[in-house]
Amino acid sequence: MSGGPSRLPEGALASALSQQTERLSHCVHCGFCLPACPTYTRLGDEADSPRGRLHLMGAVVEGRLDPASEAFQLHMDRCLGCRACESVCPSGVEYGFLLERAREVAVSARQPSLVQRLLLGLIQRPALFLPWMWMSRLLRWSRIPALLGRGEAGAGRPGPLRLGAAMLAASAPPSLRVASFTGTRVQDREGEASGEPRGEVALLTGCVQDQLFRRVNQASRRVLAANGWTVVEVAGQGCCGALHAHGGRLSQAREMARRNLAAFQSAKPRYIVNNAAGCGAMMREYHELLGEDARELSHRVVDISSLLAGEGRRPRVGDPLAMTVTYDAPCHLLHAQAVSGVGEALLASIPELELRPLQRAEECCGGAGIYGITHPELGGEIGMDKARAVIASGADVLATGNPGCMMQIGAHLRLLGSEIQVVHPIELLDESYRSAGLYES
Ligand code: SF4
Ligand code: SF4
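Please read these numbers as outputs of a predicted model, since none were measured by experiment.

Asker: I would appreciate a short explanation of the side chain of Gln-337 in the present structure.
Answerer: Structurally, Gln-337 can be placed in the loop between α20 (331-334) and α21 (342-348). Aside from chain neighbours lying at most four places away, what touches Gln-337 is Ala-277, Gly-280, Ala-281, Arg-284, Asp-303 and His-332.

Structural data, given as C-alpha cells:
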C-alpha cells in the first residue's frame, strides 16, 4: 500500500478529502461491515471492503499512498456505493460521504474509464442526452432490444451488446399479463386515506426517469392526487446530480443541485416527492454539497412510498390485484435514506396482492447507478444473484423503486430467460386505482 510521498492534488480537491480526518477517524476497525459488503463477500479482499477502503482513504490523506496508485484507484472504483456498510456500522461512519470525496481525489489524479466519462458527459448535456434518449425509446419500441436481450439459464456472461439490449428492454412498460383482476370493488373504509385535500407537493421528474420511465412519473402524479395531494409542476428542475456525485464529479453535481435548489425553492411545495430512490437520497443530502442554504429543502424531500405508507399511514384502497409480488428495496432508500418497510406497506395495502419474501433483499442488485454498465463482470455477478433470488421467491412480479434497479434486475431476469415482470410499486397502486374507477371524472 505504500506509494511514496503524498501526491494528493493541490487546492480544493485535496481539502475535500483531507478535511475529513475527523469523519475518517470514526471507523474503529471492528469489521462488522464486512459481511454486508457485496464486493468483499465476492472478492474476499480486505481492500474491497468498507474497512479496507477507509484505510486507503486515510493513507492518501496522511501522504502514505499516492491517489494515482493502482491500489487507491482500483478499490475506490470497485465500490458500488450501495452504503449497506452504513446500515450495519456501530460507529456511524458516513461512508457514502467519504467515498464521494475520495473519488473526487481519485478522478483528479487519474482519468476514469472512457465509458464512465462518456455516460456522465452525455447525462450532463441535454443537447446530447435528449436525442440519445429519443433514439433509445425508438429502439425499445422496435422490440429489437427485447429479442437481442433474451437469454437462458446457464448461458455465459453476456457481451456489452446483449447486456445493453436487455437493460433497455427492461425499461419497457410491463404487460402485467400474469395479473388476474377479480373485479371486486373495495370502497373506502372509515379511517383509511381518501382523496381529501392534503396540500401541495412537487415531483422530481429526473433525467432517465423522465425519459425512459415517464409512465412511473405519470402514475405517481395520479396516485398522489388520488390520495389528496395537489401536484404542482416545477419548471427549471433537472437531473439531481447523483450519478456525478457518486463518480467523484462534485463540482458538476453541485451545479445540478444549485439549479434544482433554485427551482424548488421558488415553488415552495410542502414536500418534494421522489420516485427514484437514488435521486431522493441525493436531494436529501444537498446540504452536504451546497451548505446550510440547502438544508431546509433537503428536509422537505421524501420518497413517494414514505409519503403514502410511512409512519403508520395507509394509502387509499383501490381494487384487488390478485398477483404474487416480491419487493426489492433500493439501497438508496434502505441504506442511504435509512427508510425501511414502506415499499412493502404500500404493496400490502392492495387487496389480494400476495407479497413474497425475497432472500437477501438488503443486498445491492449491482446496478448502482452506472456500475452495471461500467463493471459488467462484478455488477453482472451481483445482478445474476439478485435475479436468481427473485426467481426463487416464486413471484410473478418484482417491484422496486429506482430506475437503475428496475433496468439491472429486469435485464438479468431476461438474461436468465425469466418472464417475471419488473415494475415500480406505484405502478401497481395506480393499476389498482384505475381498476377501481378512482380516475373517472
Ligand atoms: S462497521 Fe464501521 S467502524 Fe466497523 S470497520 Fe466497518 S466502517 Fe469501521
Ligand atoms: S458502499 Fe457497498 S460496496 Fe462500497 S464498501 Fe460499502 S457495502 Fe461495500
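Asker: When you look at the sheet that holds strand β2 (residues 229-232) in this model, what are you seeing that I'm missing?
Answerer: The strands making up a sheet are joined through hydrogen bonds of the backbone, oriented either antiparallel or parallel. What the 4 strands build is an open sheet, ordered β2-β1-β3-β4; its pairing is parallel. For this open sheet the edge positions go to β2 and β4 (301-303), each flanked by a neighbour on one side alone. Geometrically, the sheet is characterised by an average inter-axis angle of 40° between neighbouring strands, direction not taken into account. For strand β3 (residues 271-274) and β4, the ladder comprises 3 bridges, and the chain directions are parallel. Within β4, the residue paired with Asn-274 across the bridge is Asp-303.

Asker: In this structure, what is going on with the site of ligand 1? I would like to understand it.
Answerer: In the region of ligand 1, 13 residues are neighbours, and Cys-27, Cys-30, Gly-31, Cys-33 and Cys-89 sit closest. The class makeup of the residues in the shell around ligand 1 is 9 nonpolar, 3 polar and 1 charged.

Asker: Can you walk me through the site of ligand 2 in this structure?
Answerer: Taken together, Cys-37, Pro-38, Thr-39, Pro-50, Arg-53, Cys-79, Leu-80, Gly-81, Cys-82, Arg-83, Cys-85 and Tyr-95 make up the full set of residues adjacent to ligand 2. Contributing elements (two or more residues each) for the shell around ligand 2: α3 (38-43) and α4 (50-61). Among the residues forming the shell around ligand 2, the class breakdown is 8 nonpolar, 2 polar and 2 charged.

Asker: Help me understand a nonpolar patch on the surface, please; the structure alone is not making it clear to me.
Answerer: Taken together, the side chains of Trp-134, Met-135, Leu-138 and Trp-141 define a hydrophobic patch exposed on the protein surface, amounting to about 540 Å² of accessible area. Mapped onto the elements, Met-135 comes out in helix α9 (residues 126-142).

Asker: Teacher, can you tell me more about the sheet that holds strand β7 (residues 397-399) here?
Answerer: An order of β6-β5-β7-β8 is seen for the 4 strands of this open sheet, with the pairing classed as parallel. Of all strands in the sheet, those with a lone pairing partner are β6 (354-356) and β8 (421-423), marking the two edges. Between one strand axis and the next, the sheet turns by 35° as a mean value, whatever way the strands run. Here 3 bridges tie strand β5 (residues 324-327) to β6, and the two strands are oriented parallel to one another. Its bridge partner being in β6, Thr-326 is matched across the sheet by Arg-356.

Asker: Explanation requested: the packing of helix α8 (residues 114-124) against α9 in the structure shown.
Answerer: Helix-helix packing is characterised by the crossing angle of the two axes and by the distance between the axes. With their axes 5 Å apart at the nearest point, α8 and α9 run at an angle of 100° to one another. When the axes of α8 and α9 are compared, the pair comes out roughly perpendicular. On α9, the residues touching Leu-119, Leu-122, Ile-123 and Gln-124 of α8 are Pro-126, Leu-128, Phe-129 and Trp-132.

Asker: Honestly, unusual backbone geometry in this entry has me stumped. Any pointers?
Answerer: Most peptide bonds adopt trans geometry, and most residues besides glycine take a negative phi value. A positive phi is found at Arg-83, a non-glycine position, where the angle reads about 65°. Residue Arg-83 is classed as buried on the basis of its relative accessible area of 8%. The backbone of Ala-368 sits at a positive phi, close to 40°, despite the residue not being glycine. Of note, Ala-368 is situated in the loop between β6 and α22 (371-374). A residue is classified by how much of its surface remains accessible, and Ala-368, at 27% relative accessible area, is partly exposed.

Thresholds applied
Residues numbered from 1 in each chain as written. Chains lettered and ligands numbered in written order. Predicted model: local features only at pLDDT ≥ 70, side-chain atom pairs only at ≥ 80, totals over all residues. Heavy atoms only, no water. Helix = DSSP H or I, 4+ residues; strand = E, 2+ residues; numbered from the N terminus. Contact = heavy atoms within 4.5 Å. Pairing = 2+ DSSP bridges. Axes fitted to C-alpha atoms, helices over the stretch in contact; angles between N-to-C directions. Near = heavy atom within 4 Å. Nonpolar A, V, L, I, M, F, W, Y, C, P; charged D, E, K, R; others polar. Patch = residues over 30% accessible without salt bridge, like charges linked within 9 Å, V, L, I, M, F, W, Y side chains within 5 Å. Areas by Shrake-Rupley, 256 points an atom, 1.4 Å probe, with all protein chains shown as cover. Salt bridge = Lys/Arg side-chain N within 4 Å of Asp/Glu carboxyl O. Parallel < 35°, antiparallel > 145°, perpendicular 65-115°, else oblique. Buried < 20%, exposed > 50% of the residue type's maximum accessible area, 1.4 Å probe, protein only.

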